[in-house]
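# Report on the structure
Single-letter residue listing:
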Amino acid sequence: MRNNLFWGQAVKGRLAKPGVNPADIAASFVPRLKQELAGGALPFISLPFKAALERELPETMQKFGRGFKHLLLLGIGGSALGARALQKAFMPQQDWPAHTGPWLWIADNVDAACLNAWLDRLPAQETLVVVISKSGGTIETMAQYFLARTWLHKHLAAEWAKHVLLITDKTSGALREEAAAKNLASLPVPEQLGGRYSVLSAVGLVPAYFCGMDWKALLEGAADLSLPLADHPGNLAGHPAWRLALWAKSLMDADYSQLIFFSYIPAWACFGSWFCQLWSESLGKNGKGSMPLPAVGVTDQHSLLQMFLDGPKDKGCLFLECPDLPKGEKFGADSANPLPDKWAYLKGQHFGDLLTAEAIGTLGAMAARDIPLVRMGMGKTDERAAGSMIALLELATLFTGWQLDINPLDQPAVEYGKRLANARLGAPGYAEEKEALARYFAQPDEPQAF
Ligand code: PA5
């Protein structure tokens with residue numbers, strides 16, 4: 001079964017400016033696509049690293065042997081969100097009773113209580129620490145690494161280095177220097193592959209491998225979607241990622257400032273956070289972009305849906321669904337426990353029919369409120385299908401950014417916040433940032449008690 005995009009109601013009359021043919025818009029971007037592909041700037045489309053990764057990843061992981069029950073992942077942003085989405089989608093067992101491993105722990109915050117608790121309880125002998133940072137200079141990740149390194153030393157003495165894998169730029173950055181200086185195992189983040197576009201490199205696939213997922217199928221799914229375009233960039237106009245981008249841009253043109261990512265595949269809820277980072281960090285530039293909102297069905301029907309339906313008319317929706325989810329138990333099958341009369345209509349239906357019915361209910365309610373919506377119908381929820389969806393959303397984000405005339409591959413505003421934090425911690429340099437902080441603190445507060 002194939003994955004499909006279904007167009008529900010578009011922004012009426014706004015899919016393209018009057019007199020402008022969508023195919024002409026695509027044609028105007030084809031030269032850029034060709035040029036950036038040729039220059040290696042879009043490795044998440046052309047996947048030039050795929051063959052090497054398929055060889056090196058298992059080789060590297062096999063060297064660590066089978067003794068590891070725990071993987072402690074240190075990373076943040078694009079170095080962590082994809083791994084968590086995969087973990088929740090394809091190793092939900094970790095959250096179920098009686099799980100006996102493997103365990104993946106993702107430390108993507110500077111939460112002293114959490115890191116302490118993990119380091120106090122994890123058995124160092126059975127733990128592989130995987131540090132992921134493309135730049136190798138991210139303070140949150142490096143700070144966690146320094147603490148984890150001390151912890152490993154304490155428990156394993158000279159053996160500590162056998163418990164560390166670094167995933168970072170091939171040649172530059174502090175983490176790469178650390179790998180060389182201490183002879184630590186490492187895998188590269190491919191050249192020109194930014195954090196939020198990197199889940200299908202070693203960044204997301206090492207944890208996927210550790211958890212026993214079909215990591216190769218994830219890559220194959222991405223290849224299914226993106227390689228036909230890499231091979232024939234002239235076909236941009238017909239590519240689903242382009243069509244999705246065209247729709248997203250038409251929403252922004254019509255002042256829809258928010259985009260809901262509504263997953264009716266409950267186990268895929270964390271793809272919402274992954275997508276929101278991809279969309280926000282790629283498109284929030286020069287006053288442009290739209291605010292992504294993650295939501296999961298049916299949980300958020302009892303939380304966010306009221307606002308979606310009856311709040312400001314500024315939201316479009318990307319609606320993720322799959323008709324083939326497990327159905328679960330049948331109601332009323334046990335004659336010793338008949339359903340109360342009020343609920344008798346459920347007899348013979350499955351628990352999973354509730355999800356389907358509620359998804360239809362939400363679709364209908366959104367249609368009644370004229371909320372622009374695209375249904376993303378997954379034929380399956382296996383790794384290959386997820387790989388295709390990941391690639392679809394990455395490409396759609398890129399092409400939306402191109403139409404907005406911004407650079408979807410950088411994140412200058414975030415970088416500024418990082419520099420301010422470094423200045424605050426007393427890192428050398430950062431004179432301008434230190435002055436900016438001084439100005440900020442000079443502003444009077446208006447404290448209120450509550
Ligand atoms: O998408 C991005 O580029 C960012 O979110 C990064 O992934 C994040 O800032 C972490 O950077 P790094 O991988 O260099 O530590």
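It should be emphasised that the depicted structure is a prediction, and the values quoted were computed from it without experimental measurement. (Residues numbered from 1 in each chain as written. Predicted model: local features only at pLDDT ≥ 70, side-chain atom pairs only at ≥ 80, totals over all residues. Heavy atoms only, no water.)

This part takes up the overall build of the protein. Of regular secondary structure, the protein possesses 16 helices and ten strands. Principal axes of the C-alpha set define a box for the protein whose edges measure 65 × 65 × 60 Å. For the protein, long-range pairs separated by at least 24 residues make up 77% of all intrachain contacts whose partners lie at least 6 apart in sequence. With the model as given, the accessible surface of the protein reaches about 21900 Å², and the carbon-plus-sulfur share is 55%. Looking at the protein, you have 42 positive and 45 negative side-chain charges, and the mean spots of the two groups are 2 Å apart. (Helix = DSSP H or I, 4+ residues; strand = E, 2+ residues; numbered from the N terminus. Contact = heavy atoms within 4.5 Å. Areas by Shrake-Rupley, 256 points an atom, 1.4 Å probe, with all protein chains shown as cover. Lys, Arg positive; Asp, Glu negative; His and termini not counted. Charge placed at Lys NZ, Arg CZ, Asp CG, Glu CD.)

All chains considered together, the criterion is met by 19 salt bridges. Salt-bridge contacts for K50 lead to E220; the nearest nitrogen and oxygen are separated by 2.9 Å. Of this pair, K50 sits in helix α3 (residues 50-63) while E220 sits in helix α9 (residues 215-231), and the two are 170 residues apart along the sequence. Close ionic contact of R196 with E281 constitutes a salt bridge, the shortest N to O distance being 3.2 Å. With R196 in the loop between β6 (185-189) and α8 (202-210) and E281 in helix α11 (residues 270-283), this residue pair connects regions lying 85 residues apart in the sequence. Judged by its relative accessible area of 4%, R196 is buried. By relative accessible area, E281 is classed as partly exposed at 22%. Members of the salt-bridge network, linked through shared partners, are K50, E54 and E220. (Salt bridge = Lys/Arg side-chain N within 4 Å of Asp/Glu carboxyl O. Buried < 20%, exposed > 50% of the residue type's maximum accessible area, 1.4 Å probe, protein only.)

As a further point, take the packing of aromatic side chains. In total, this model carries 20 aromatic pairs according to the counting rule given. An angle of 80° between the planes, with centres 5.8 Å apart, marks the rings of F262 and F308 as edge-to-face. Within this pair, whereas F262 is found in strand β7 (residues 258-263), its partner F308 is found in helix α12 (residues 305-310), the two being separated by 46 residues in sequence. Here F308 falls in the buried class, since its relative accessible area comes to 5%. (Phe/Tyr/Trp six-rings, centres within 6.5 Å; stacked < 30°, edge-to-face > 60°.)

What follows covers the side chain of R196. In this structure the side chain of R196 is engaged in a polar contact, spanning 3.2 Å, whose partner is the side chain of E281. At a separation of 2.5 Å, a polar atom in the side chain of R196 contacts the side chain of Q411. Residues contacting R196, with those up to four places away along its chain left out, are G78, W274, Q277, L278, E281, S282, K285, E394, P408, L409, D410 and Q411. (Polar contact = N/O pair within 3.5 Å; in protein donor to acceptor, adjacent residues only side chain to side chain.)

Taken residue by residue, a regular strand's side chains alternate between the two faces of the sheet. As defined by bridge partners, strand β5 (residues 164-169) adjoins β6 across five bridges and the pair is classed as parallel. Following the sheet pairing, D169 is matched in β6 by V189. Once you follow β5 into helix α7 (residues 174-182) and on to β6, the crossover reads as right-handed. (Pairing = 2+ DSSP bridges. Right-handed = clockwise from strand over helix to strand, strands pointing away.)

The next point concerns the nonpolar core. Ranked by internal contacts, the top residues of the largest apolar core, which has 114 residues, are F271 and F399. A per-element tally of this core places helix α14 (residues 383-404) first, with 13 residues. Residues lining this core come from more than one domain, with at least three contributed by each of domain 1 (4-36 + 227-403) and domain 2 (46-213). (Core = buried A, V, L, I, M, F, W, Y, C linked by side-chain atoms within 4.5 Å. Domains from an automatic or database assignment.)

Among the residues making up helix α5 (residues 112-121), those that are buried are L115, W118 and L119. Seen from one end, α5 has its buried residues packed into an arc of 95°, which puts them on one side. Seen from the buried face of α5, the exposed residues on the opposite side, beyond 90 degrees, are A113, D120 and R121. Buried residues in α5 make contact with β2 (70-74), β3 (103-107) and α6 (139-156). The opening residue of α5, the one whose side-chain oxygen lies 3.2 Å from the backbone nitrogen of A113, is D111. (Arc of directions from axis to C-beta.)

Assigned domains of the protein: these are domain 1 (4-36 + 227-403) and domain 2 (46-213). Using C-alpha coordinates to define each centre, domain 1 is positioned 30 Å away from domain 2. Each partner contributes to the interface: domain 1 provides 22 residues, whereas domain 2 provides 18 residues. Here domain 1 meets domain 2 over a buried area of about 1600 Å², counting both sides, of which 70% is carbon and sulfur. Applying the counting criterion to the domain 1 and domain 2 interface returns one salt bridge. In this assembly, domain 1 and domain 2 are joined by three residue pairs in polar contact (both at pLDDT 80 or more). For the side of domain 1 that touches domain 2, the secondary-structure elements that each account for two or more residues are α9, α11 and α14. (Buried area = accessible area lost by both parts, 1.4 Å probe.)

A few words on unusual backbone geometry. Note that the residue after G101, namely P102, is joined by a cis bond; omega there is 0°. Among the secondary structure elements, P102 is positioned in the loop between α4 (81-90) and β3. The omega torsion of the bond from G297 to V298 falls at 0°, within 30 degrees of zero and hence cis. Looking at the element boundaries, V298 is found in the loop between β8 (291-296) and α12. Phi is positive for D255, which is not a glycine, with a value near 65°. Positionally, D255 belongs in the loop between α10 (240-253) and β7. The backbone of D370 shows a phi angle near 60°, a positive value even though the residue is not glycine. With respect to the secondary-structure elements, D370 resides in the loop between α13 (351-368) and β10 (373-377).

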